[in-house]
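Each chain, written out:
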Amino acid sequence: MLTQMIFHSWHRNPRRTALTVTTVFLATALISALLAITVSVGDQMARELKSYGANILLEPAVDGDYLDTQDLPRIKEIFWRHNILGFAPLLAGTVTADDGGEVAILGTFFDQPLPVEGEDDFHTGQKIIAPYWRIDGAWPDDARPEALAGARLAERRGWRVGQTLTLAGARPVVLSGILESGGEEDELLVVPLALAQELLGRPGRADAARVSALTVPENRLSAKARANRDALTAEEYDVWYCTAYVSSIAHQLEEALPGARARPVWQVAASEGVIVGKVQLLLLVATLAALLAAAMGVAALTAGAILERAAEIALLKALAARPRHIALLFHAEVTVSALLGGALGCGAGWLLARHLGQTLFGAPLAMAWITVPGVLALAVAIALLGAWLPVRQIAALAPAEVLHGRR
Amino acid sequence: MNIIETHNLTKSFGSVIAVNDLTISVRRGEFVAFMGASGSGKTTLLNILACLDTFTSGEVFIDGHNLAALDEEGRRVLRANKIGLVFQQFHLIPYLTALENVMLAQHFHSVTDEPAARQILGDVGLAHRLHHRPGALSGGEQQRVCIARALVNEPPILFADEPTGNLDEENECNILALLQDLHRRGRTVVLVTHNPDLAARADRIIRLHHGKVFEP
Ligand SMILES: Nc1ncnc2c1ncn2[C@@H]1O[C@H](COP(=O)(O)OP(=O)(O)O)[C@@H](O)[C@H]1O
Ligand SMILES: [Mg+2]
């Protein structure tokens, strides 16, 4: 009978019920989409920001020493190997060109296949860690005598795409493209590492390597570790080590490559964390605003319902119903609306997250099914929060005046 | 033994004194009619006696309980156990059937008891109307549902404020016969009316005028 009362009152005023459902629906759709974004924004945005450069520089621990290129695959064997998006060794030097003049070359990986356990078909090189490089022409093949000429160098020398250069007096190299990086590479002739090693007579060696890793924002723990790692307690050390801070990844790289020193490129690394943190805060604020707005909407609708049903409430009071008991009817009613709105909102939020993910990150955001009960609970919370204030009015409603149809 | 007693009861709404220094009593099992012109304070008095409203000064005892000493919750409990209410406008829940309307009173009082609710509706002559909604019932039938609802928890006192105000003469007669029957079976009945013919059926008439007892 009570269920019946709730059901009847629920669908007796379809306009108001629809409004309540819609309010909760809009809020939960927005909130679940924002939630999906908040959760994935960390990874996705870090990935995006990675397009502005590598965040760890590997150098020989001793000045004048070199990195052994045979060791480099170990970069993908550390604890956080899955967070290593890629790396590229660097070997610089000068060679003579056709015209007899000197030319500065940089040997590196462009898109070098590398056998890595658990990641089939792993490629690494500038194509992965420097996605902002603009190539007029084509990327060189790492296995062939091909090169990119930095834009300013090419302009000075009048080099064109497709031209063949002769380096060091005897080595023909095809210019597959002209490179615009906005950095020092614009002055360099960028060649496959193996070719540079051969031309410079330094087989198996590299000066340094750039590493691009997905990291989490720095916080107090990582700052403490950066200041003095020995000051960490054993427990703190474990937490730090098992968190993808740029500093802990750098530390693990040093462990894997004993002759190397890993230096976080703080500018990039730090701003990444800060930006992600700020975006997440923004999303959180938007979520709270949506929640509050929806609760206020439900409050207004419930207040209307109570006003409209004053006679019924007065009657229930006259029949000795406890105010609490009557409030329960209204709470149950908005809960039903909230569950319906929340369920619809989950679905719409899922679509919205897919769409937003596609536009923002070029990939649909996954929405974990585990969020469904969470969002439903949130929907009910919104509704109950909204209904709470007006429902308190029930206690103050005097049955005497309503019931006897005065005047 | 008085089941209702007031001593110098006063209720004012701002400057309007609706009940003015009123001292009355009703014996257990008595059938009393409150009579008076519109605006004489009948409804206000009834609301106070039925624990639906507070008063400004004086004392009220319902079955020995001092109302002034009770808070809202105390009045609610007293109302649940002692008082049945019959309204001029019936106040039935439109989307519940006659039977459900009666069971609603049981629910808020204690627990629902469908056989008892059927029985009481049968007693007021509605055995064939249990599953009709108020909209499908005549005014007289609706008022009988309202009486059944007032009686289902077996309160010792029944308050009826102009119960026939919205009914035709035939139904008025039926309802009054029902109230008289309840009185014969031992209930205290307080009937509010401005109709002298109805009031004449009561054991005693208390006439109100401007909130005071009026002795002609
Ligand atoms: N809630 C109220 N606010 C202000 N005045 C009221 C209120 N209730 C009753 N009154 C006044 O009290 C007087 C008695 O009203 P009422 O008890 O309804 O009379 P009756 O039922 O005899 O017609 C009237 O003058 C009425 O206007
Ligand atoms: Mg009246």
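Residues numbered from 1 in each chain as written. Chains lettered and ligands numbered in written order. Predicted model: local features only at pLDDT ≥ 70, side-chain atom pairs only at ≥ 80, totals over all residues. Heavy atoms only, no water.

Draft legend 1. View of the overall build of chain A. A count of helices and strands for chain A gives 13 helices and 14 strands. Out of the 407 residues belonging to chain A, those deemed buried represent 48%. For chain A, the exposed area adds up to about 19,300 Å²; of that, 60% sits on carbon and sulfur atoms. (Helix = DSSP H or I, 4+ residues; strand = E, 2+ residues; numbered from the N terminus. Buried < 20%, exposed > 50% of the residue type's maximum accessible area, 1.4 Å probe, protein only. Areas by Shrake-Rupley, 256 points an atom, 1.4 Å probe, with all protein chains shown as cover.)

Draft legend 2. The arrangement of the environment of P217 of chain A in detail. Secondary-structure assignment places P217 of chain A in the loop between β13 (208-213) and α6 (220-227). P217 of chain A sits 60 residues away from G277 of chain A along the chain, and the two C-alpha atoms are 7.0 Å apart.

Draft legend 3. How the structure looks around the sheet that holds strand β6 (residues 83-86) of chain B. All names here are of chain B. If you walk across this open sheet you meet the six strands as β6-β7-β8-β3-β9-β10, and the pairing is mixed. One side of each edge strand has no neighbouring strand; the edge strands of this open sheet are β6 and β10 (212-213). Bridge count for β6 against strand β7 (residues 157-161) is four bridges, and the pairing is parallel. Across the sheet, L85 pairs through a bridge with F159, a residue of β7. Together, β6 and β7 form the strand contacts of helix α2 (residues 72-82), whose direction differs from that of β6 by roughly 80 degrees. Against the sheet, helix α6 (residues 169-184) makes contact with β3 (31-35), β7 and β8 (188-193), and its axis sits at roughly 150 degrees relative to β8, the strand it touches most. (Pairing = 2+ DSSP bridges. Contact = heavy atoms within 4.5 Å. Axes fitted to C-alpha atoms, helices over the stretch in contact; angles between N-to-C directions.)

Draft legend 4. Spatial organisation of the packing of aromatic side chains. Residue and element names in this part refer to chain A. In total, this model carries seven aromatic pairs over all chains according to the counting rule given. Taken together, a centroid distance of 5.7 Å and an interplanar angle of 50 degrees make the contact between Y237 and W240 tilted. A residue pair is termed a helical-turn pair when its members lie 3 or 4 positions apart in one helix, as Y237 and W240 do in helix α7 (residues 234-241) at three residues. Look at W240 and you get buried, because its relative accessible area is 1%. Of the aromatic side chains, those joined through ring pairs into one cluster are F79, W80, Y237, W240 and Y241. Here the guanidinium or amino end of R205 rests over the ring plane of Y66, the centre of that ring lying 3.7 Å away. (Phe/Tyr/Trp six-rings, centres within 6.5 Å; stacked < 30°, edge-to-face > 60°. Lys NZ or Arg CZ within 6 Å of the ring centre and 35° of its normal.)

Draft legend 5. Spatial organisation of the interface of chain A and chain B. Across the contact, 23 residues belong to chain A and 27 residues belong to chain B. At the boundary of chain A with chain B, total buried surface from both sides reaches about 2,400 Å², with 67% on carbon and sulfur atoms. Across the chain A-chain B interface, the total number found is zero salt bridges. Our count for the contact surface shared by chain A and chain B stands at five residue pairs in polar contact (both at pLDDT 80 or more). (Buried area = accessible area lost by both parts, 1.4 Å probe. Salt bridge = Lys/Arg side-chain N within 4 Å of Asp/Glu carboxyl O. Polar contact = N/O pair within 3.5 Å; in protein donor to acceptor, adjacent residues only side chain to side chain.)

Draft legend 6. Representation of the pattern of salt bridges in the model. Residue and element names in this part refer to chain A. The final tally for this structure, using the stated rule, is 27 salt bridges over all chains. Between R134 and E180 there is a salt bridge, with its nearest N and O atoms 3.8 Å apart. Remark: E180 occurs in strand β10 (residues 171-180) and R134 occurs in strand β7 (residues 134-137); sequence separation between them is 46 residues. Its relative accessible area of 55% is what places R134 among the exposed residues. A relative accessible area of 43% means that E180 is categorised as partly exposed. Residue D207 pairs with R202 through a salt bridge whose shortest N-O separation is 3.1 Å. For D207, a relative accessible area of 25% puts it in the partly exposed group. Each member of the salt-bridge network shares a partner with another, and the members are E59, R261 and R263.

Draft legend 7. Layout of the packing of α6 of chain A against α7 of chain A. Residues and elements named next belong to chain A. With their axes 10 Å apart at the nearest point, α6 and α7 run at an angle of 105 degrees to one another. On the basis of their axis angle, the class for α6 and α7 is roughly perpendicular. Contacts between α6 and α7 involve L221, S222, K224 and A225 from the first element and E236, V239 and W240 from the second. (Parallel < 35°, antiparallel > 145°, perpendicular 65-115°, else oblique.)

Draft legend 8. Quick peek at helix α3 (residues 98-109) of chain B. Residues and elements named next belong to chain B. Between its first and last C-alpha, α3 extends 17 Å over 12 residues, near the 16 Å set by a 1.5 Å rise per residue. With 11 of 12 residues buried, α3 is to be regarded as a mostly interior element. Among the residues of α3, A98, L99, E100, N101, V102, M103, L104, A105, Q106, H107 and F108 are the ones counted as buried. (Expected span 1.5 Å × (residues − 1).)

Coordinates in, geometry out; function isn't part of it.
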